[in-house]
Structures are given as C-alpha cells and as structure tokens.
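Okay, here's what each chain looks like letter by letter:
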Amino acid sequence: MEILENIAEYYDEIYPVTASKKNFFTDELSSYPMPVKLLRIGCATGSFEHQLAKTGIDVTGIENINELLESANRKRRTQLMSIRFFKMTTLEMGRFLGKGFYNVISILDDRIIFTHDTVLLRKLFFDCKQLLTKNGKMIISLLNYEKYSSDSEIELPEIQTLRATLYARIVTEADGTKTLDQQLETGNGKTMDVTVAAPVYPLSKAELETFATEAGFKDIKCYSSFDRTPFTAQSDRLIAVLS
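How each quantity is defined
Residues numbered from 1 in each chain as written. Predicted model: local features only at pLDDT ≥ 70, side-chain atom pairs only at ≥ 80, totals over all residues. Heavy atoms only, no water. Phe/Tyr/Trp six-rings, centres within 6.5 Å; stacked < 30°, edge-to-face > 60°. Buried < 20%, exposed > 50% of the residue type's maximum accessible area, 1.4 Å probe, protein only. Lys NZ or Arg CZ within 6 Å of the ring centre and 35° of its normal. Pairing = 2+ DSSP bridges. Helix = DSSP H or I, 4+ residues; strand = E, 2+ residues; numbered from the N terminus. Axes fitted to C-alpha atoms, helices over the stretch in contact; angles between N-to-C directions. Contact = heavy atoms within 4.5 Å.

Colleague: For the packing of aromatic side chains, give the residues involved together with the corresponding values.
Modeller: Applying the stated criterion to the full structure yields eight aromatic pairs. Look at F101 and Y102: their rings are 5.0 Å apart centre to centre, the planes differ by 85°, and that puts the pair in the edge-to-face class. Residue F101 is classed as partly exposed on the basis of its relative accessible area of 36%. Y102 sits in the buried class, given a relative accessible area of 4%. Each member of the aromatic cluster is reached from another via a ring pair, and the members are F24, F25, F48, Y223 and F226. The lysine or arginine in question, K37, covers the ring of F101, its NZ or CZ lying 5.4 Å from the ring centre. The ring of F217 has K129 sitting right over it, with the charged end atom 4.9 Å from the ring centre.

Colleague: Which residues make up the sheet that holds strand β7 (residues 164–172), and what values go with them?
Modeller: In space, the four strands of this open sheet follow the order β6-β7-β8-β9, with antiparallel pairing throughout. Edge positions in the sheet fall to β6 (153–160) and β9 (191–200), since each of these pairs with one other strand and no more. On average, each strand axis in the sheet is tilted by 15° relative to the strand beside it, whichever way the strands run. Here β6 pairs with β7 via six bridges, running antiparallel. Across the sheet, residue Q160 finds its bridge partner in β7, namely T165.

Colleague: Can you break down the sheet that holds strand β10 (residues 220–223) residue by residue, with the values?
Modeller: If you trace the seven strands from one edge of the open sheet to the other, you get β3-β2-β1-β4-β5-β11-β10, paired in mixed fashion. Edge positions in the sheet fall to β3 (83–87) and β10, since each has one partner strand and no second. On average, each strand axis in the sheet is tilted by 15° relative to the strand beside it, whichever way the strands run. Across five bridges, the pairing between strand β2 (residues 58–63) and β3 is parallel. Pairing of G61 across the sheet is with F85, part of β3. Along the sheet face, helix α2 (residues 19–29) touches β1 (37–41), β4 (102–107), β5 (132–143), β10 and β11 (237–242) and points at about 165° away from the line of β5.

Colleague: A description of unusual backbone geometry should follow, citing residues and the corresponding values.
Modeller: Here the residue pair M34 and P35 is connected by a cis peptide bond, since its omega of -5° sits within 30 degrees of zero. Structurally, P35 is set in the loop between α2 and β1. Look at D109: it is not a glycine, yet its phi comes out positive at around 55°. Phi is positive for D110, close to 65°, though the residue is something other than glycine.

Colleague: Can you explain the environment of A44? Please cite residues and give values.
Modeller: With respect to the helices and strands, the residue A44 is situated in the loop between β1 and α3 (47–54). For A44, a relative accessible area of 1% puts it in the buried group. Here the alpha-carbon distance between A44 and T165, two residues 121 residues apart in the chain, equals 18 Å. If near-sequence neighbours (up to four positions away) are discounted, A44 is found in contact with Y11, E63, L68, L69, A72 and R111.

Colleague: Any chance you could break down the pairing of strand β8 (residues 178–186) for me, citing the residues and the numbers?
Modeller: Looking at chain direction, β7 and β8 are connected through nine bridges and run antiparallel. Bridge pairing links L166 to L184 in β8. Linking two consecutive strands that pair antiparallel, namely β7 and β8, is a turn of five residues; a positive phi of about 95° is found at G176 within it. Direction of pairing for β8 relative to β9: antiparallel, over a ladder of seven bridges. Note on β9: the bridge partner recorded for T179 is P199. Hairpin connection from β8 to β9: four residues lie between these consecutive antiparallel strands, with G189 at a positive phi of about 90°.

Read these as spatial facts, not as claims about activity.
Take a look at the structure:
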C-alpha cells in the first residue's frame, strides 16, 4: 500500500486548497467551454474537486486508497453536482476511462512519484495523452527533486500544520531502487507511519519533459508555484502544464 489510512484525517491540512491553486486552475480551465471535463489522478479526499464541481466543472477522480476514497465520497452533499470518484489505478485508467474525453488531467501533491519506474511513467504520460481532448492539457505538481542531494538518503522538507507534522525521506536501496518513508507526528506527540519503504521515482524536470514529449505533448510550461513564479534550479516545487 502506498499511502496508509493514518494520513486520511490530516490530508486536507497537509495539502490545503490555497487561493493560488484555485486561481491557477480557474485560469487554466477558462479556455474550455462549460462544462469543462477534469480528471484528477490520485484525488485523495477530493476537497479541491468538490470546490471545482460547485463552479460547474464536470469532475472525475480516481484513487486507489480506500480510506482516502471514502473521505472523498462522504463529502458529496448533493447528487446535483457533476462529480464522481472511482477506485482505480493509473494502470487501469486507460482501459476504463473515455479516450479523448477530458479537457484537463491533474496529478497533484507529489502523487506522481508513486509511479515508480520509467516504463510505468512512460505509460502514464501516454495514457493521459490518449484520454485528453485534442487541445487538452495535463497539470502536475511535485517537489523539485533535482534540488536535493544525490546521497543514498534524502531528507525532504517537513510539512507542518496546526495539528501535525509530516516527515519524509527517500532512501536508495542496495539494488538502486528508491523508497519513501513518511511519518506523521501529531500535536500530542504520537508518531504514526504513513508510508513504509514505498517504491517511488523522484521525477526530475528533465525526465518529465522527456516523457511528456515522447507521449506527444508539444508545449511544456514550468513554474515554481501556483502563483506562476518562474521555475529555477533552486525552486522548491515544480508545477508543469503540458499541452
């Protein structure tokens, strides 16, 4: 299992829906006629997707962690919104979702690194390209992993909220594979495992651009934040828009 149930209660605090994120997506979605069709890969608790659906966006979310998916479905207050969540992996989506259907596909909150080798990443980019409309785009957010040391163990920036702190490190195993350990420390000092030796692939900007180009994306824009600050080698995060 990639993400354990321990994070479900705190997920929306660790990965909040910020004003800059909402504005960024509003701008990116505005070029399509309503209802815009959005697919979120790794939708987690679905908080952002519910906010988008309230504005008339047609939203599909896929998630393979039961606890997160249940949280997303509990948020549905009305059947009138065009929003649905499915338990599905990226390996399955090419078979079960409609090709040429989605205007925008997003993979946020570093979830792309759980696609943990280059063969699967190439398939992911290719499948996303096939699911998009002719003028569709893909939005990815993740850490700028090129900024961190190439040592066998990398401590990632901690994420602190009012109730908890998320600690993470990536370890290079003897066979060269990389695994992610995450721990959540709550305000009362209790520590819980979130991921334990989960296989990951810390995707670099250069590799992202290569996989995107191979899949048929023609234009790649990179930012360091949802405020559209230009990306540099020292940026903490990478926001990529592929079209």
